[in-house]
Amino acid sequence: MARYICSPARAAVPLDNGTFMRGTALRAVAGASMPRRAPKSSVSALSKSILRAAWEFDPTRGVSVGLHRYDGRLPVYTKATIERRAGRIRRDLKALDAAARGDGLSARAKLEAGVLRSMLLKEQFALVDQQSPKRAPQYTLGKLNIVNYLLRNYAPLDRRVRAIAKLQAQVPAHLARFRGLADRSLAETQYEMAEMNVSGMIESHGKQLQALVPQLSPGTRRLVERTSAAAVAELASLQTELRSKYKPRVKKDFALGKAKYERMLWAEHLTKLPVGRLLEVGLADLEANQRAFLESAAAVAPGKAPKEAVAVIADHHPTAESLIPDTQQMLEDIRTFLIDHDVVGVPSEDRPTVMETPKFYRWASAATNAPGSFEKVAKETFYYVTPVEPEWPPEKQEEWLRYLNYTSLRNISVHEMYPGHFVHHLHSRYRVRSPVLKSFWSTAFGEGWAHYCEEMMIGVGFQGGDPQYHMAQLMDALLRDCRYISSIRMHVYGGSWEDATRFFMENAFMDRLPAEREAKRGTFDPGYLNYTLGKLMIKKLRTDWMARHPDASLREFHDAFLALGAPPLGLAREALLGPDAGPAL
């Protein structure tokens, strides 16, 4: 269906003719990043079996990439099924290792083998190391998410709602299996996430779905009213049980420890990243961004505190009526800048549609709704921007619009649309043909690229050195630096989320509530370091690639990079620089 990439309160080797690359760089990387189509290899034979098994074990993953034959199906998590799946993963990894040792593998086959390996290692980490079905309730409860069915018009509404009804019919058994697996002594923040997940699912399966009932045929209406009532009742029962049986037994422990943390990093990147070196690089990035932030704040509001400079930026904002059209025009302006300054290839005349965020999705200030990589019908990309609510008092409406000021919205749009996620999506849609590469999206590659774009656009002169814009960009950079450092400190060096909260407040200039939310997120989402880690690895890759191709342009690097899709960054580095690529950081 779709992959949602949000700004909360804010796969692949090229098989075409390399249209977006020129001259020296095209010839230089032709052997590595642009391999010719090779005869079917043992990797190709393995890939179908590996992907099919992954989607059959968790059909919601198939749905997420736009394979609608999996609509309405839920995974079956029991001790026995998880053990069988873990065994299958081990066998598939051995088979991949054997295939990779064979002679004559093409560059594309090597890349596909690496992508499959990363996919399996990440799933193995979740099932075995993290024991997510047991210790992370959102892993199981999140499978009940019906937002994709509601938001994308890939089929008539009746058909999509019947898929929801099919899913809802499985909710009692799904929650019974959850109770059988879940640890009654959850980490404190895991418990909080469980409560949040259940509350959200009750809202989604109840009120949000009911809003569509008048548009349904009589038969579908009767069906979904029955299945929805039963699903909501089961979720409400679990909500009561969480509060009575789980909440009294919460514990403080949450850390992965160094060994598991390094396995997580390896699965995501497929390159060695020593934790000590990671922390050193992250602290240096934080220090550099803080210096630049304070310099920009002083230019915006001389002699005043940074928060007063933020207030200056917020003064210039859209009206409630102009928010959507102003954002649409903003995207055109950014797109024009990319083309005029030859920053990156824009491989299509496709445009995202800016629209108000649907009511049931307004926990995010802005979000990208991009189609799944195998989606054949609902191919549009929507850029949701959350408006003011008409019933809000004037002062609250003004507060929200000040938050979505033009400067901050422009930086969000660089991340989400041009040249961030949307341009990345266009390169993947129009330049990638391999089903293996279309099936995979590395968080570090995708989010790292979008975050890298925010900083890179400053470097190529976007907004002409405006200190207000630079300050807005740096505010987001500091937030992600703090995520990066807090993740490592909490999971490897024994830091608490209280320590991390103070760190966010002191180093990202945040108030207590948002700082605490960010810190707590890191306890159950240690991979949120990948925004900054991905950015730093891409910057290092760019430096090394440009050193080897001194006559190449920045666009040539960007196009060569995006032509890979979204593989682990260790594989991307090898694809562009060869096997002797050197350290990633």
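These notes cover the structure that comes with them. (Residues numbered from 1 in each chain as written. Predicted model: local features only at pLDDT ≥ 70, side-chain atom pairs only at ≥ 80, totals over all residues. Heavy atoms only, no water.)

### Re the environment of Asp92
- On the secondary structure map, Asp92 appears in helix H4 (residues 79-100).
- Taking the C-alpha atoms as reference points, Asp92 and Leu46, 46 residues apart in sequence, are found 8.2 Å from one another.
- When near neighbours in sequence (up to four residues on either side) are disregarded, Asp92 contacts Ile50 and Leu120. (Helix = DSSP H or I, 4+ residues; strand = E, 2+ residues; numbered from the N terminus. Contact = heavy atoms within 4.5 Å.)

### Structural notes on helix H16 (residues 323-340)
- Under the 1.5 Å per step criterion, the end-to-end length of H16 is 26 Å for 18 residues, consistent within 8% with the ideal 26 Å.
- If you follow the buried residues of H16, they end up packed against strand E2 (353-356), strand E4 (382-385), helix H18 (406-416), helix H19 (421-431) and helix H21 (443-459). (Expected span 1.5 Å × (residues − 1).)

### As for the pairing of E4
- With burial as the criterion, each face of E4 is covered, one bearing Phe382 and Tyr384 and the other bearing Tyr383 and Val385.
- As defined by bridge partners, E2 adjoins E4 across 4 bridges and the pair is classed as parallel. Each residue of the ladder has a partner; that of Thr353, found in E4, is Phe382.
- Across 4 bridges, the pairing between strand E3 (residues 364-371) and E4 is antiparallel. Within E4, the position partnered with Ala367 by the bridge is Tyr384. (Buried < 20%, exposed > 50% of the residue type's maximum accessible area, 1.4 Å probe, protein only. Pairing = 2+ DSSP bridges.)

### Structural notes on the packing of helix H10 (residues 171-181) against helix H12 (residues 218-246)
- The contact between H10 and H12 brings their axes to 9 Å, and the two run at 15°. Looking at the two axes, H10 sits roughly parallel to H12. In the crossing of H10 with H12, the sense of the turn from one axis to the other is right-handed. Counting all contacts with H10, which are made through Val171, Pro172, Leu175, Phe178 and Arg179, the residues of H12 involved are Ala231, Glu234, Leu235, Ser237, Leu238, Glu241 and Tyr246.
- Residue composition of the contact of H10 with H12, grouped by class: 8 nonpolar, 1 polar and 3 charged. (Axes fitted to C-alpha atoms, helices over the stretch in contact; angles between N-to-C directions. Parallel < 35°, antiparallel > 145°, perpendicular 65-115°, else oblique. Left-handed = near helix turned anticlockwise from the far one by under 90°. Nonpolar A, V, L, I, M, F, W, Y, C, P; charged D, E, K, R; others polar.)

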